[in-house]
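# Residue-level structure breakdown
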Amino acid sequence: QVQLLDSGGGLVQPGGSLTLSCAASGFTLKNYAIGWFRQAPGKEREGVSCISPDDSTTLYHKDVRGRFTMSRDNAKNTMTLRMNNLKPEDTAIYYCAAERVWGSTCPHEYQYWGQGTQVTVSS
C-alpha cells in the first residue's frame, strides 16, 4: 500500500518548537520531490516548503523562512519539518506530500498526501 503518514502535531506555546514527521510506505521518497503544506480554518491551503528529488534545492515560504527547517532521511524513508519560534499564525493542519515530477521550483500538484496533523500555537 502506497501512503504517507504524518505525525508530531500538538499544542505548543508561542516561541516554542515542534517537529513534524512523515513516513512513506510502498514507495521510495528518494525518487520524489517532497513538500509540506498547511491549512488554517477559513483559509486556503498554502505551501510551506519543498525539496527537490536530488536535494539540490530546498525552498521555504517567506513566512516560515529562518524558523522552519525541512529535511529528508532516505535511510528511514521519512521527511521532517522542524519548526522553531512558533507563532499563533502558524496554527493549522499540516500535510506532507510527494511528487515525482520536478521542474525548477516546488510542484503545484502532488501525487501522494498525508492525512494531516494539527499544530496549535497558543498561550
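Conventions adopted
- Residues numbered from 1 in each chain as written.
- Predicted model: local features only at pLDDT ≥ 70, side-chain atom pairs only at ≥ 80, totals over all residues.
- Heavy atoms only, no water.
- Helix = DSSP H or I, 4+ residues; strand = E, 2+ residues; numbered from the N terminus.
- Rg over C-alpha atoms; globule rule 2.2 N^0.38 Å.
- Buried < 20%, exposed > 50% of the residue type's maximum accessible area, 1.4 Å probe, protein only.
- Contact = heavy atoms within 4.5 Å.
- Areas by Shrake-Rupley, 256 points an atom, 1.4 Å probe, with all protein chains shown as cover.
- Polar contact = N/O pair within 3.5 Å; in protein donor to acceptor, adjacent residues only side chain to side chain.
- Disulfide = S-S within 2.5 Å.
- Pairing = 2+ DSSP bridges.
- Axes fitted to C-alpha atoms, helices over the stretch in contact; angles between N-to-C directions.
- Core = buried A, V, L, I, M, F, W, Y, C linked by side-chain atoms within 4.5 Å.

### As for the overall build of the chain
Secondary structure assignment for the chain yields zero helices and eleven strands. Mapped in sequence order, the helices and strands of the chain form the string β-β-β-β-β-β-β-β-β-β-β. Taking 14 Å as the expected radius of gyration for a compact globule of 123 residues, we find that the chain reaches 14 Å, a close match to that expectation. The dimensions of the chain, computed from C-alpha atoms along their principal axes, are 40 × 30 × 30 Å. Burial statistics for the chain: of 123 residues in total, 42% are counted as buried. Taking the intrachain contacts of the chain between residues at least 6 apart in sequence as the baseline, contacts between residues at least 24 apart amount to 58%. Only carbon and sulfur atoms are counted for the fraction: they give 45% of the accessible area of the chain, which is about 6,600 Å².

### Examining the side chain of Asn77
You can see Asn77 is positioned in the loop between strand 7 (68–73) and strand 8 (78–83). There is a polar contact of 2.8 Å between the side chain of Asn77 and the backbone nitrogen of Leu29. Residues in contact with Asn77, not counting those within four places in the same chain, are Cys22, Ala23, Ala24, Ser25, Phe27, Thr28 and Leu29.

### Side note on the environment of Pro88
Within the fold, Pro88 resides in the loop between strand 8 and strand 9 (92–99). With a relative accessible area of 46%, Pro88 lands in the partly exposed category. Between the alpha carbons of Pro88 and Met70 there is a distance of 20 Å; along the sequence they are 18 residues apart. Look past the residues within four positions of Pro88 in its chain and what remains in contact with it is Pro14 and Val121.

### Brief notes about the state of the cysteines
Summed over all chains, the structure comprises two disulfides. Linked covalently through their sulfurs, Cys50 and Cys106 form a disulfide whose S-S length is 1.9 Å. Torsion about the S-S bond of the Cys50 and Cys106 cystine: about -85 degrees, corresponding to left-handed handedness. With Cys50 in strand 5 (residues 46–51) and Cys106 in the loop between strand 9 and strand 10 (112–113), this pair connects stretches of sequence that are 56 residues apart.

### Here we look at the sheet that holds strand 8
On the basis of which strands lie adjacent, the open sheet formed by four strands has the order 1-3-8-7 and antiparallel pairing. Each of the sheet's edge strands pairs with one partner strand only, and the pair in question is strand 1 (3–7) and strand 7. When strand polarity is set aside, the average angle formed by the axes of neighbouring strands in this sheet is 15 degrees. Examined bridge by bridge, strand 7 and strand 8 share six bridges and lie antiparallel to one another. Bridge pairing in strand 8 links Thr69 to Arg82.

### A few points about the nonpolar core
Of all hydrophobic cores here, the largest spans 29 residues; its most connected members are Leu4, Trp36, Leu81, Met83 and Tyr94. In this structure Tyr94 touches Asp6, Leu20, Phe37, Arg38, Val48, Phe68, Leu81, Met83, Gly116, Thr117 and Val119, once residues within four positions along its chain are discounted.

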